[in-house]
Amino acid sequence: MTDWLTRIFPFVGALRLYNQLVSRTPSPLLVIAPGSMYRLRQINGTATRWYYCVLEIEQGSIILYPRTRGTQQQFLFAIHALRWFGRPKKYEMGSNDIWLHLEQDDLWTLLEIRLHHAEMRRFVRTLKTITHETMVKAYRRQRPYIHYGAVEAYPATQDIYGAWKLDEGVSLYIMPLYLVILRGSRVLRAVPLSDVQEITALRRLDEPTDDGLVRFRVAEESMAFAIEHHQEFADRLAEAARRSLEEPPIQKQKAHEDKE
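Residues numbered from 1 in each chain as written. Predicted model: local features only at pLDDT ≥ 70, side-chain atom pairs only at ≥ 80, totals over all residues. Heavy atoms only, no water.

Caption draft 1: Summary view of helix H5 (residues 230-243). Its 14 residues place the ends of H5 20 Å apart at the C-alpha level, agreeing with the 20 Å of an ideal helix rising 1.5 Å per residue. Considered for burial, the residues of H5 that qualify are His230, Phe233, Ala234, Leu237, Ala240 and Ala241. The arc that holds the buried residues of H5, viewed along the axis, is 135°, so those residues lie on one side. The elements touched by buried residues of H5 are strand S8 (148-158), strand S10 (170-174), strand S11 (178-183), strand S13 (196-202), strand S14 (212-218) and strand S15 (221-227). (Helix = DSSP H or I, 4+ residues; strand = E, 2+ residues; numbered from the N terminus. Expected span 1.5 Å × (residues − 1). Buried < 20%, exposed > 50% of the residue type's maximum accessible area, 1.4 Å probe, protein only. Arc of directions from axis to C-beta. Contact = heavy atoms within 4.5 Å.)

Structure below.
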């Protein structure tokens, strides 16, 4: 198979790569053919369009090989950087999407992958064998999964007279396992939702016309943020925190997996 043919017809090169990967020793945990698609979205950052790719899973990583002309690229995502995975919708015939949250290089990246129904089942089964039980349990919880933001917020501290002082602005993003605090596109902190307690929404008595506050505790630490739609954010945060502690519907899930 000549190089000029690969350059003119990217699918030919992707198919050749696929055959090389599946015949490699030791073999990868999973290789999915060139019909797969993906896109990348950084929270508060850049986003790509959808690309066709060959998808590979090894014991410690997910690797994407975009189906493009010319030089072959690849994107590697370490499994230890994975913070959550889940399908926004139930399985459908035809194409299905899955979202993977990754924290790498101080960025929070949402990797969206689109696969055929049968390939999606293989992909999810493989992920479950190499990810932490916490994420497998989170995957099995009832939908819809909560994603909210990112919203502009200002860390707030109260003095002894009851007045609130606001610090430099940040962004808050709620996803199924974490409250992510960012400055620009850089992750400052990822707070496990299972640690978030005593969530309250309140108006500022010192500045009644300003944005309201969302206050909560993380272990022994008290945190507060001024947010425009503070009541809505508090409600979503409370719901996400509650769900992070739920046990998945075991019997229903077991029957579903038996069917798979």
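Caption draft 2: Layout of the side chain of Ser61. Its location among the elements puts Ser61 in strand S3 (residues 61-66). Excluding anything up to four places from it in sequence, Ser61 contacts Glu56, Leu76, Phe77, Ala78 and Ile79.

Caption draft 3: Here's a closer look at unusual backbone geometry. The amide bond that connects Gly149 to the next residue, Ala150, takes the cis arrangement and shows omega of 10°. Relative to the helices and strands, Ala150 resides in strand S8. Non-glycine residue Asn44 carries a positive phi angle of around 65°. Looking at the secondary structure, you find Asn44 in the loop between strand S1 (30-42) and strand S2 (51-58). Residue classification places Asn44 among the partly exposed residues on the basis of a relative accessible area of 37%. Phi angles above zero are rare outside glycine, and Asp106 is one such case at about 65°. When you line up the elements, Asp106 lands in the loop between strand S6 (95-104) and strand S7 (107-116).

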